[in-house]
Every structure is written in C-alpha cells, then in structure tokens.
Amino acid sequence: MMQLRDPGVVMTPDALGALQPTRFSASRTLVTKMVQERWVISRAEFDIDASGQGNARYHVAVNEDWSFEFVVFSNAPKEGVERTDRIIGSHWDMMGALIEGAAGDERIEHTKRELPKLYGGRAAPGTLIWCRANRSMRAFDLTVESLSRGEQPPARVLGAVCYLMRNTGLDGNGTFGTRSFAAYESDHPLRTPYHAQMLTSYLMREFSLDLAEHMAAAQSRSAVVLSHEFRRFLGLGNASGLGLVLFAKNHPRMVDRWITLRESALAQARSLVLAADAPEVDRLDSLLERAASYKAKDRMRYTYQPAAELVSSELAQLRTQLARLRETAGEPSHLLDALYQESTVFTSETQEILSALLMELLPTPENMSSLITVEEHAPASPATPVRELLDIIARDYAWATAVDLDDPSALHFAWYKSANAEEPRRGPLKDLPAVFDDMTLDLPQKLQQLVPLLRDMDPARTAGSVSRQFPEYRATIERLLALRETSYHTVQANTRDEHFNPAHIIRLFNSAFYGLDKTKEDGPVGVVGVLFHGAPTPAEIANGTGQDWLFPAEPED
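Residues numbered from 1 in each chain as written. Predicted model: local features only at pLDDT ≥ 70, side-chain atom pairs only at ≥ 80, totals over all residues. Heavy atoms only, no water.

> What is the right way to read the environment of S293 from this model?
Tracing the backbone shows S293 in helix α11 (residues 279-296). A relative accessible area of 39% means that S293 is categorised as partly exposed. Put simply, S293 and L315 are 22 residues apart on the chain and 9.1 Å apart in space, counted from C-alpha to C-alpha. (Helix = DSSP H or I, 4+ residues; strand = E, 2+ residues; numbered from the N terminus. Buried < 20%, exposed > 50% of the residue type's maximum accessible area, 1.4 Å probe, protein only.)

Listed below in structure tokens is the structure:
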C-alpha cells in the first residue's frame, strides 16, 4: 500500500480546512446505515396551525428491538424578539428532542416544560439529543408562498441557500441530562459517534420541509408539495463556532482516529492497480463530472478558500487528464495515483475533492462504529525516561519548538469560556484579567520551556518524577506520552498567534468529520454550511435506495 501522507503535510490549519466530506463523515455513514437497514421514518403527529405554531412527532423504526421518536415544538417567529444562533437566546422557531422508544405523554410534557429552560432544564429519561432551529426567513417564506400558488420555489434563489431551517444547537452526550454516549449499549443503533446528532439533524430537515408544505396547504387549496428534486436538494443549515477548536484540543485521539481512517483509505485507493477500462475508473470519471458541475453552480462566496469557479475549472482539467492517462495506459497500473500526483499542482481544495472521490472507489467498510469509536483516556506511562520524552518532542513536535516566540504576534491570544453562557472565546491576552481559566493548548511555549529542563536532567530520570517536581508541565508531559503511538493528533499551529485562523479547524469538523456541504467561513471564528444536502428521502431510505447523494444537482426552474 502507498505510504500515508506525512502529518506535517496533513495537520497544518490550511490543509485540515481543505479536507472534504467523505464516506467516513458522520452524516454519510448514518445515511448508509439507514439505507442498508431500511429504517422507516414516519410522521406520527402533526398538530400545527397555519402560522407554524404547534407540536409534531416523528417515529423512527429501526428493527424489532429499537425505535426512536423525535418530538417537535414549533413556534411562529415573534415580532421584536431576537432570533439568535447562540445558546443565550430566548426564542427559536422550533425546539425538539430525540427520545429512545415511544416518547409517551409524560416524557413529551416533561420535555415541553424543561427544554426551553436549557441550562436550567433537565432532559426526560431516555433523551439522546435536545435541538433548536430557526427558519431561513427568506427561503422559508418564499417556499411557502410558491407552494401555495401551486408552483415550485425558484431554484435560482433556493440554490443560493440550500435549506429552509438552520440548526442552532444540538446538545447530547450528558448535556442537560441527556444520555451519555458512553452509556449507549453495544447494539445501540446510534453507537457510532455523532449518529444521534446526525439523526436529529436529518429529522429537523424533514420537519422543515413538512412544515413549509403544511403552511402552504393552510393558505390555499391549490397548494402543491415540494418536488422530489427539491426534497432531495434542500438540507439543514448549520453554523459552528470556536468550541470546535477546543474540541480538537480535548479529543486528540478521536481526531487521530478519524484522520488516520481517511488517510489509510486514500493510500489504499492510490495503491489500486487498474486497467484503463476498469469500472472504478469509469466511476471516477463520472464523479469528477458531477463535482465540476456542482462547483460551477455553487453561488457561495468564500473568504479563505478558492472560488468555486476555479475549483470547477481544476476538476474539469483533472477529468481531461484522467482521459489522457487512460488513453496512454498499457498494462494495468497505478493510474489513480498518477492522477493524484497531477492534482498536486492545483489548489488544496481540488486535491482534497479528488482524494474524497478516490475513497468512493473502495468497498464500504464494515462496522464503522468500531472503526471510529476511540477511548480518549490513554495511560501516560510515568516510568518513561527523559531520553524518550526528548525523542518524542524531536520526532513529533519540531513544528512547535520552531515557533518564534519572540515575534510580537506569537503570544497575542488566549482561549477561555465566557461567563454568561460558558461559550468558548478567544481574546487578546492584554485585555484579559490577571487570573482566568486559561483553556489554551500552548504547546510551543510549554515545549520550548520544557526541553531545556529535560536536557539538563539525567536521561534515565522518569517522566513521573519530572511531573512531580514541575507540576506546571504535568499536562503537557502526559499529552506527549498518551499520544506517542498516534500520528494525526494535534493541529500543527500556534493557536495563540495573532494570525492563527480558527475557521480552518472549525471547517475540518463541519466538512470532513460531520459531512456538511458548501461550508463557508463566517469570519475567522465561525463556519456555516448545509447538512444532508442531497440526502435521500425517508421513502427512499425505507426502500433501500438513494445512497449515492454526492454533489446533488440543483432543480431547474
């Protein structure tokens, strides 16, 4: 198999921000599972008035042993009330909960009472996720108006938005009393990390489409429903912020597992020996065509990544180069690797789209839950001698010891949580109080202080004794030891630097790990995008179809 790419190439902020959705992304692995197992999603209740006020309930039948219900409390937007993506808001157009088994009147009433309280509330037993969402007022209202006139909404407008509602919060894994992921049974259908959040997001998407049709029908007897093309095309909007940078800091083994899985698949695909007329090559050609067309119609305007028109042009060039490689190929060869090598002259965005497409040519891996689930608490091995600590730093952290800390911009920011909502923040160190809960992962400064100390010690001295004498370095030493058998664990950047751009890391989670499409930077501290853009409908899932939903075609006006 081809050698995996070097962490120094993959783990820079720019490179991580370019990683694309793949078959390993959480939203895609969930859809694959639902289609393969033919989950049945049905609308059990929809008691909502013409303004959008009321309750709804969706039932998800997995098998004889497992089912879930999604309870929705829908609200009409209020005049003069701020609608915000932040958790400190007081009004959302919908709130909901994903609950194991039949929700029942008692748990529904409990949820209706507690959910609006957020920090002051407590989830009902068996609750996996609490969620919130707001309408995209222009897209939602336009869709309702169009459907009420018996018409489909204008694709030229909805194609620029791609959703009717945007997610403003998915809370689970123990938050507000929801069930902890560690407590999920081994046969739990949502045992794969983030599948509970993704199922909730999928159901939020379905509710947004159902609500628009329902409100249109309430306005006019001649109203129509959304076309199948629009039901597939429209997803769920999403916005994410700085918390994901701290998540990367606190879950390095998970980050390593996810990226190792991707990099291993890419190396495996590049290692394939194929004839020019192999079905895999035909499939790649088709995917490149779809990707180029999709990017050509992408109306997003990007700040930190290349324009969609440029990426589309480069993808079209790759397709031409693939045709040339096929024409000149003799015996079966590493044709895919040859194309990958040619892609390195293009933008990293184009190169990573090709990488994602190459992974599509491999068989679907089995048991994704065991592949992705990882235990973060690894033993730190306090008996490790100082000489090994120095070897680890020299091998894996040369990027950190090379940071110029004398540069005036190097120690500009610190990371902390806000007092009013415990939201992650970063701010200039000079503006912060003398004492605060510093959440910064400051490897450059810590390691540049630690290395001279270690070099002056007996090489056989243990790491445990160093930690006891210098407790200020204990967390750093434990992290070095816990991660020494991994490769893709840490973003190779000084996160305190004035020029560090958090949006790249936020986009890594949104695009590569969660599987959002059209991820766009919302300034340096946020990323917006679309979940389940092109995903199959519940009817298709129940029929075991619709699994191929890469690069959805925009409906035509």
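So much for the structure itself; the text now carries on.
> When you look at the sheet that holds strand β11 (residues 527-531) in this model, what are you seeing that I'm missing?
Strand pairing in a sheet is mediated by backbone hydrogen bonds. Such pairs are either parallel or antiparallel. Pairing in this open sheet of 9 strands is mixed, and the strands run β1-β2-β3-β4-β5-β6-β7-β11-β10 from one edge to the other. Sheet topology places β1 (40-48) and β10 (517-521) at the edges, where each strand pairs with a single neighbour. Neighbour-to-neighbour, the strand axes of the sheet open up by a mean angle of 25°, direction not taken into account. Of the strand pairs in this sheet, strand β6 (residues 163-172) and strand β7 (residues 235-240) are connected by 3 bridges, and their pairing is parallel. Residue R166 lies in a different strand from β7, and its bridge partner there is G237. Contacts from helix α21 (residues 503-514) reach β7, β10 and β11, with the element oriented near 5° to β11. (Pairing = 2+ DSSP bridges. Axes fitted to C-alpha atoms, helices over the stretch in contact; angles between N-to-C directions. Contact = heavy atoms within 4.5 Å.)

> What is the right way to read the packing of helix α10 (residues 252-270) against α21 from this model?
To characterise two packed helices, one gives the angle between the axes of the helices and the distance between these axes. Look at α10 against α21: their axes get within 12 Å of each other, and the N-to-C directions meet at 50°. Judged by the inter-axis angle, α10 sits oblique to α21. Seen from above, α10 lies across α21 with left-handed handedness. When α10 is examined against α21, the residues V255, W258, I259 and R262 are found in contact with a partner set consisting of F509, A512 and F513. Grouping the constituent residues of the contact of α10 with α21 by class yields 6 nonpolar, no polar and 1 charged. (Parallel < 35°, antiparallel > 145°, perpendicular 65-115°, else oblique. Left-handed = near helix turned anticlockwise from the far one by under 90°. Nonpolar A, V, L, I, M, F, W, Y, C, P; charged D, E, K, R; others polar.)

> Would you explain the side chain of N238 in this entry?
Counting through the fold element by element, N238 comes out in strand β7. A polar contact of 3.2 Å, which involves the side chain of N238, links it to the side chain of N510. Not counting residues up to four positions away in its chain, the partners in contact with N238 are R166, N167, N510, L516, V527, V528 and G529. (Polar contact = N/O pair within 3.5 Å; in protein donor to acceptor, adjacent residues only side chain to side chain.)

> When you look at the pairing of β7 in this model, what are you seeing that I'm missing?
Each regular strand displays side chains that alternate between the two surfaces of the sheet. The element β7 is largely enclosed, with a buried count of 5 among its 6 residues. With 5 bridges joining them, β7 and β11 adopt antiparallel strand pairing. Across the sheet, residue G237 finds its bridge partner in β11, namely V530.

> Got a minute to help me understand the pattern of salt bridges in this structure?
Considering all chains together, one arrives at 37 salt bridges under this definition. Between R5 and E352 there is a salt bridge, and its shortest N-O distance comes to 2.9 Å. You can see R5 sitting in the segment before α1 (7-10) and its partner E352 sitting in helix α14 (residues 348-359), a full 347 residues away along the chain. Overall, the relative accessible area of 11% leaves R5 in the buried class. In this structure E352 comes out as buried when scored by relative accessible area, which is 7%. A salt bridge links D210 to R231; the shortest N-O distance between them is 3.1 Å. In this pair, D210 sits in helix α7 (residues 195-219) while R231 sits in helix α8 (residues 228-233), placing the two residues 21 residues apart along the sequence. (Salt bridge = Lys/Arg side-chain N within 4 Å of Asp/Glu carboxyl O.)

> Explain the pairing of strand β2 (residues 54-61) here, please?
Taking every second residue as pointing to the same face, the buried face of β2 carries G54, A56, Y58 and V60, while none of N55, R57, H59 and A61 on the other face is buried. Pairing geometry for β1 and β2, over 8 bridges, is antiparallel. Counterpart to V40 in the pairing with β2 is A61. Relative to strand β3 (residues 67-74), β2 is paired through 8 bridges, and the arrangement is antiparallel. Among the inter-strand pairings, Y58 is bridged to a residue of β3, identified as F70. Here β2 hands over to β3 after 5 residues, the two strands then running antiparallel side by side.

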